[in-house]
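Each chain, letter by letter, is given below.
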Amino acid sequence: MSSTQHTTRPTGTTRVKGSARPRRTAALLTALAAAAGVLTAVGPAAQAAPRPLAALAPAAVPAPASASARHDGGTCRGQGVDPSARIRYRSDVVIHASLERVWKLQTDVERWPVWQPPVTGAQRLDAGPLRKGSRFRWTTPAPATPNTPATTLEITSTVRQLQRGACVLWSGPAIGEGLRIDEGVHLWTFTETDHGVRVHTEETWTGAQVEADVPTATAALGAGLEAWLHDLKTTAERA
């Protein structure tokens, strides 16, 4: 999405290739991509008519970046995403808004449905500001596919690390009838620059169902994270 002004750097080691196997639709796996908690969808324009992932995947995931190109600072208080996960993606965007505004949007979990249409519900499971140990539960629909039933995915995320105004790391499963990600781990970092707030995100998935098709799952995860960054940037920069 050119409007987000980001640099996409997927970190998996598998290129997306054509396959004769049936693929899950973009609406299914990209519905899984926003949380790690793990869920989001492919973007506002895709809500009415999701594209099949087979058409999306080749463009969504460029060739993997080399280890030397990895963004320095991919941790929050020394912790990061799962280093052994086969499904992983990272990306960045510069947002022309105050750090306070960007941080509040991202950490006010119960208001996510206001600016992220794929999030249909979000509930804090504890009181007070988001902090290490905080838990929240959120939902998103996943439509039926030839291989899975229509379902509502429920994600219970736990904050593993947080530094106010700088970073947050959370993790948790996404579970629906006939559909599951065992664990997603999602990192966000926020850095003030001369040009705005640089938001960096990384996420990994583990679980037999998504690992059965790593290229497809990686493409879906990437599309979801790009959509999340797009929505965050658009909302934060709105007058």
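Computed from a predicted structure; not experimentally measured. (Residues numbered from 1 in each chain as written. Predicted model: local features only at pLDDT ≥ 70, side-chain atom pairs only at ≥ 80, totals over all residues. Heavy atoms only, no water.)

**Describing the state of the cysteines**
Turning to step 1, where the next piece is worked out: Evaluated as defined, the whole model comprises one disulfide.
Turning to step 2, where the next piece is worked out: Disulfide pairing places Cys76 opposite Cys167 at an S-S distance of 2.1 Å. With the S-S dihedral at roughly 70°, the linkage between Cys76 and Cys167 falls on the right-handed side. Linking Cys76 in the loop between helix H2 (53–60) and strand E1 (87–95) with Cys167 in strand E5 (residues 167–176), this pair joins segments that are 91 residues apart in sequence.
Turning to step 3, where the next piece is worked out: Exposure remark for Cys76: the relative accessible area of 0% places this residue in the buried category.
Turning to step 4, where the next piece is worked out: For Cys167, a relative accessible area of 5% puts it in the buried group. (Disulfide = S-S within 2.5 Å. Helix = DSSP H or I, 4+ residues; strand = E, 2+ residues; numbered from the N terminus. Buried < 20%, exposed > 50% of the residue type's maximum accessible area, 1.4 Å probe, protein only.)

**Points about the environment of Asp92**
Turning to step 1, where the next piece is worked out: Positionally, Asp92 belongs in strand E1.
Turning to step 2, where the next piece is worked out: In this structure, the C-alpha to C-alpha distance between Asp92 and Trp188, residues 96 residues apart in sequence, is 9.7 Å.
Turning to step 3, where the next piece is worked out: Side-chain polar atoms of Asp92 contact the side chain of Arg198, separated by 3.0 Å.
Turning to step 4, where the next piece is worked out: Of note is the side chain of Asp92, whose polar atom sits 2.8 Å from the side chain of His200. (Polar contact = N/O pair within 3.5 Å; in protein donor to acceptor, adjacent residues only side chain to side chain.)

**Some points on the environment of Ala208**
Turning to step 1, where the next piece is worked out: Relative to the helices and strands, Ala208 is located in helix H5 (residues 208–211).
Turning to step 2, where the next piece is worked out: Taking the relative accessible area as the measure of exposure, Ala208 reaches 63% and is therefore exposed.

**Describing the packing of aromatic side chains**
Turning to step 1, where the next piece is worked out: Under the criterion given, the structure shown has ten aromatic pairs.
Turning to step 2, where the next piece is worked out: Between the aromatic rings of Phe136 and Trp138, the centroid separation amounts to 6.1 Å while the plane-to-plane angle is 50°, which identifies the pairing as tilted. Both residues of the pair, Phe136 and Trp138, count as buried.
Turning to step 3, where the next piece is worked out: Judged by centre distance (6.1 Å) and plane angle (35°), the rings of Trp170 and Trp228 are tilted. Of this pair, Trp170 sits in strand E5 while Trp228 sits in helix H6 (residues 214–237), placing them 58 residues apart in sequence.
Turning to step 4, where the next piece is worked out: You can call Trp170 buried: its relative accessible area is 0%. (Phe/Tyr/Trp six-rings, centres within 6.5 Å; stacked < 30°, edge-to-face > 60°.)

**A few points about unusual backbone geometry**
In terms of backbone geometry, most residues other than glycine have negative phi values and most peptide bonds are trans.
Turning to step 1, where the next piece is worked out: In this structure, Arg77 is a non-glycine residue whose phi angle is positive, near 50°.
Turning to step 2, where the next piece is worked out: You can see Arg77 is positioned in the loop between H2 and E1.

**Here we look at the pairing of strand E4 (residues 151–163)**
Turning to step 1, where the next piece is worked out: Bridge analysis of E4 against E5 gives seven bridges, and the strand direction is antiparallel. Counted as the bridge partner of Glu154 is Ile175 from E5.
Turning to step 2, where the next piece is worked out: Where E4 folds back on E5, the antiparallel hairpin that results is connected by three residues, among which Gly165 adopts a positive phi of roughly 75°. (Pairing = 2+ DSSP bridges.)

**A look at the pattern of salt bridges**
Turning to step 1, where the next piece is worked out: Enumeration over the complete set of coordinates arrives at six salt bridges.
Turning to step 2, where the next piece is worked out: Put simply, Arg137 and Glu154 hold a salt bridge, and the shortest N to O gap is 3.8 Å. Taken together, the residues span a long stretch of sequence, with Arg137 in strand E3 (residues 135–142) and Glu154 in strand E4 at a distance of 17 residues.
Turning to step 3, where the next piece is worked out: Accessibility expressed as a relative area gives 40% for Glu154, which makes it partly exposed.
Turning to step 4, where the next piece is worked out: Two residues, Glu237 and Lys233, come together in a salt bridge whose shortest N-O distance is 2.7 Å. Placement of the pair is Glu237 and Lys233 together in helix H6, with a separation of four residues, close to one helical turn. (Salt bridge = Lys/Arg side-chain N within 4 Å of Asp/Glu carboxyl O.)

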